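# Structural overview for review
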Amino acid sequence: KSREAADPAADSSPKLAAAKHRDEAASKKKLCVKAAKEHSIPKDLNKVLENKVMETVLDLSYVKLSVVQMTCSGDADSEGIMSKSVSSHSDLIPGVYEGGLKIWECTFDLMDYFSEAEIEFTNKTVLDLGCGAGLLGIAALRGEAARVHFQDYNSTVIDEITLPNVVANCTSEGRRMGSGKDRKASKPPSKRPRKAEGSPDVLNRCRFFSGGWSQVSQLLLNSNKPCSKYDIILTSETIYNPDYYSDLHDTLAQLLDRNGHVYLASKVHYFGVGGGVYLFEKFIEEKNVFRTRMVKTIDQGLQRCIMEIALK
């Protein structure tokens, strides 16, 4: 308005610029919203592990991601995230690929914290939000959680990485997680594809979803199979982009049980995208829905934190 008053001749220019900005913002918003989908669990579990090479860390098996990237194409990667992440040399393409092809270090921070704080999963309903490889949810399954749901932005990640990892770890149900020290002593990677020898009963406690947070939240709340709210929500390295804070906050508010807890692991700051744990903490404070508590700080390299979040 001040520019228009100062220079009436430039009257149309700011309006055009504002309209263009609105259009760009709208298209960016559309781009960043992926429809929600529930993924069915195949009856033949060996198909899930077909051609997969497994590695081991913290006594957990997980798909070797580099092999998935080399072998996954066509229908198995209908989103094209493998080729896009490789060609752009990027672990993040906003609205297209949100990092699920990599296991980020804060995942291990949070798993260590489960042991240190003796987090109790027995008979709890758990959501692994932004699950990627699904290691946090698998830890909850081993802790005898009643139900564990896994969500990732990309359907390729769920089908090619998360679900195979859950299947590969079915044999190990109920064992306690090791501490961070055990990680160094983990077995060397197996170079052979695994067979699904475990009990499919574990999978009966699991559901798998892909899509944006707000879309998945609505799918869960409006489903024919109504979902009770979660006792525990686990999420790691999901607050790198401040543009997503509103969606994440609303999803937590809608899905967390009245007496539930969120355990969020994050770096203090994400260079390039601008998010970080203190920025998200400030965002939460302003919304006045949750209370937060920093329960652990890791000072090696770039500082990392674990935040506990609960409804006020």
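The structure under discussion appears in the preceding block.
Our subject in this report is the structure included herewith. The residue numbers shown here count from 1 along each chain, following its written sequence. Totals for whole chains, interfaces and linings use all residues, but because this is a predicted model, local features are given only for residues with pLDDT of at least 70 and pairs of side-chain atoms are given and counted only at 80 or more. Side-chain measures were taken over the full set of non-hydrogen atoms in the model, leaving aside hydrogen atoms and water.

### Looking at helix H11 (residues 277-287)
The complete set of buried residues in H11 reads Val277, Phe280, Glu281 and Ile284. Projected onto a plane normal to the axis of H11, the buried residues spread over an arc of 105° and lie on a single side. Facing away from the buried side of H11, by more than 90 degrees, are the exposed residues Glu285 and Glu286. At the C-terminal side of H11, Asn288 shows a positive phi close to 60°. Relative accessibility decides the category of a residue: with a 1.4 Å probe and only protein chains considered, values under 20% of the type maximum give buried, values over 50% give exposed, and everything between is partly exposed. Helix numbering and strand numbering both begin at the N terminus, where a helix is a DSSP run of H or I of at least 4 residues and a strand a DSSP run of E of at least 2. Regarding the arc, it is the one traced by the directions from the helix axis to the C-beta atoms.

### Observations concerning the side chain of Glu281
Along the chain, the position of Glu281 falls in helix H11. The side chain of Glu281 sits in the buried core without any salt bridge; Arg293 is the nearest counter-charge, 10 Å away. With near-sequence residues (within four places) excluded, Glu281 lies in contact with Thr292, Met294 and Met307. The charge count includes Lys and Arg as positive and Asp and Glu as negative, but it does not include His or the ends of the chains. A side-chain nitrogen of Lys or Arg and a carboxyl oxygen of Asp or Glu constitute a salt bridge if their distance falls within 4 Å. Contacts between residues were defined by any pair of non-hydrogen atoms, one from each residue, lying within 4.5 Å.

### Focus: the packing of aromatic side chains
Only rings of Phe, Tyr and Trp enter the pairing, Trp through its six-membered ring, and a pair is recorded when the two centres are within 6.5 Å. The plane angle decides the type: under 30 degrees is stacked, over 60 is edge-to-face, the rest tilted. On inspection of all chains with the given rule, the structure shows eight aromatic pairs. Both rings, one in Tyr240 and one in Tyr244, keep their centres 6.3 Å apart while their planes meet at 80°; by these two values the pair is edge-to-face. Like Tyr244, Tyr240 is buried. Seen in terms of ring centroids, Tyr245 and Phe280 are 4.9 Å apart; in terms of plane orientation they differ by 70°. Their pairing is edge-to-face. You can see Tyr245 sitting in helix H10 (residues 245-255) and its partner Phe280 sitting in helix H11, a full 35 residues away along the chain. On the accessibility criterion, Phe280 (0% relative accessible area) is buried. Put simply, the rings of Tyr240, Tyr244 and Tyr270 pair up and form one aromatic cluster. Whether a charge lies above a ring is judged from NZ of Lys or CZ of Arg, which has to be within 6 Å of the ring centre and within 35 degrees of the ring normal. Taking the ring centre of Trp104 as reference, the NZ or CZ of Lys102 above it sits at 4.4 Å.

### Notes on the sheet that holds strand S4 (residues 125-129)
The criterion for strand pairing is that DSSP finds at least two bridges linking the strands in question. One open sheet holds the eight strands; their spatial order is S1-S6-S5-S4-S7-S8-S10-S9, and the pairing between them is mixed. Each end of this open sheet is capped by a strand with a single partner; those strands are strand S1 (37-39) and strand S9 (290-298). Geometrically, the sheet is characterised by an average inter-axis angle of 20° between neighbouring strands, direction not taken into account. In this sheet, strand S10 (residues 304-311) lies alongside S9 in antiparallel orientation, the contact comprising eight bridges. When the bridges of S10 are listed, Arg293 appears paired with Glu308. Interaxial angles span 0 to 180 degrees and are taken between N-to-C directions of axes, which are lines fitted to C-alpha atoms, for helices over the stretch in contact. Most of the contacts of H11 go to S10, to which it runs at about 15°, and overall it touches strand S8 (256-267), S9 and S10.

Note that all results are geometric; they support no functional claim without further evidence.
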